[in-house]
Amino acid sequence: SRIKARERVPFSPKAKEDLEQLFSALLEMMGNLRDAFSTPHRPLLQEMVTKGQNLSSMLEDSRTRHWERVETGICVPEASSLYREILDSIRWSNEYIERMCKTLLDMSELHATT
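Residues numbered from 1 in each chain as written. Predicted model: local features only at pLDDT ≥ 70, side-chain atom pairs only at ≥ 80, totals over all residues. Heavy atoms only, no water.

**Regarding the side chain of Arg 69**
Move 1: Tracing the chain through its elements places Arg 69 in helix H3 (residues 42-72).
Move 2: A distance of 3.5 Å separates polar atoms of two side chains, one belonging to Arg 69 and the other to Tyr 83.
Move 3: In contact with Arg 69, other than residues within four places in its own chain, are Ser 12, Lys 14, Ala 15, Asp 18, Ser 62, Ile 74, Cys 75 and Tyr 83. (Helix = DSSP H or I, 4+ residues; strand = E, 2+ residues; numbered from the N terminus. Polar contact = N/O pair within 3.5 Å; in protein donor to acceptor, adjacent residues only side chain to side chain. Contact = heavy atoms within 4.5 Å.)

**Looking at the nonpolar core**
Generally speaking, soluble globular proteins have nonpolar side chains that are buried together.
Move 1: Phe 11, Leu 19, Leu 22, Leu 55, Ile 90, Ile 97 and Cys 101 are the most contacted members of the largest nonpolar core, which totals 27 residues.
Move 2: When residues of this core are traced back to their parent elements, those giving at least two are helix H2 (13-38), H3 and helix H4 (77-113).
Move 3: Tallying contributions element by element places H4 first for this core, with 10 residues.
Move 4: With sequence-adjacent residues up to four places away left out, Leu 19 is seen in contact with Phe 11, Tyr 83, Ile 86, Leu 87 and Ile 90. (Core = buried A, V, L, I, M, F, W, Y, C linked by side-chain atoms within 4.5 Å. Buried < 20%, exposed > 50% of the residue type's maximum accessible area, 1.4 Å probe, protein only.)

Structural measurements only, silent on function.
Quick look at the structure:
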């Protein structure tokens, strides 16, 4: 974000729209994770794993659309590398949240059987 602002790296309207959707989905998952730490309900955790899989699909779609913008010249090289780094960061965050949800699910199974 600092590089984008400091160097005034332009993103296309579609890239901005994709990022808005991705960040919105990620923020929702983070809010749900906060709630799951307080009260780890299995249905919420299972839903979060599903939403994580959906976010992974959204990321792949965004990456595909990005490469289409690169090929057509809509995306400048400076924006391309920065955009891909942002997508990678969202992917890593999503994967980490998914692992935490699966761990909480495993823990709830252990508590249910004891």
